[in-house]
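Listed here are the chains, written in short residue letters.
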Amino acid sequence: MFAVIRRYEGIETGRLDELTAIARDELVPRLAEEPGFMAYYLLDAGNGVIASFGAFESREGAERSNEIAATFIREHGLGEAMPNAPEITAGDVIAQRILQTATA
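A count of helices and strands for the protein chain gives 2 helices and 4 strands. Taken from N to C terminus, the helices and strands of the protein chain fall in the order β-α-β-β-α-β. C-alpha atoms of the protein chain, sized along the principal axes, occupy 35 × 35 × 25 Å. Expressed as a percentage of the 104 residues in the protein chain, the buried residues total 34%.

In this section: the nonpolar core. With 17 residues, the main nonpolar core has Tyr8, Ile11, Leu19, Leu27, Ile50, Leu78 and Met82 as its most contacted residues. At the level of elements, helix H1 (16-32) and helix H2 (59-75) are the ones that each hand at least two residues to this core. If sequence neighbours within four positions are ignored, Leu78 has contacts with Arg15, Glu18, Leu19, Ile22, Phe72 and Ile73.

This structure, assessed with the given rule, holds 2 aromatic pairs. The interplanar angle of 40° and the centroid separation of 6.2 Å between the aromatic rings of Tyr41 and Phe53 together place this pair among those described as tilted. Of this pair, Tyr41 sits in strand E2 (residues 37-46) while Phe53 sits in strand E3 (residues 49-56), placing them 12 residues apart in sequence. Look at Tyr41 and you get partly exposed, because its relative accessible area is 48%.

Turning our eyes to something else, we now look at the side chain of Ser65. Within the secondary structure layout, Ser65 lies in helix H2. The exposure class of Ser65 is buried, given its relative accessible area of 1%. At 2.6 Å, the side chain of Ser65 forms a polar contact with the backbone oxygen of Ala62. The residues contacting Ser65, other than those within four sequence positions of it, are Val4, Arg6, Leu31 and Phe56.

Conventions and cut-offs
- Residues numbered from 1 in each chain as written.
- Predicted model: local features only at pLDDT ≥ 70, side-chain atom pairs only at ≥ 80, totals over all residues.
- Heavy atoms only, no water.
- Helix = DSSP H or I, 4+ residues; strand = E, 2+ residues; numbered from the N terminus.
- Buried < 20%, exposed > 50% of the residue type's maximum accessible area, 1.4 Å probe, protein only.
- Core = buried A, V, L, I, M, F, W, Y, C linked by side-chain atoms within 4.5 Å.
- Contact = heavy atoms within 4.5 Å.
- Phe/Tyr/Trp six-rings, centres within 6.5 Å; stacked < 30°, edge-to-face > 60°.
- Polar contact = N/O pair within 3.5 Å; in protein donor to acceptor, adjacent residues only side chain to side chain.

Here you go:
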């Protein structure tokens, strides 16, 4: 498994709800179409910082997600709301544990 974390600083906080909705409704479904997609999380770290975490079966899927995210930001005109390039951290997952919960 391979994971990628993108950390964006300088987010226009007044547009956080808009960014969240666009990511949830459009970006996440697009990423989920990628071969090897496993999971995606978007985090509000406060103070104009958001971060995303994506997990993929392969390095190629994770790298492709970076391209998809950058294209998505450009195509949706989100440059003003997200003025700084993300700090990207990626690598092989070397330890994990996923708790399974029962659903009704």
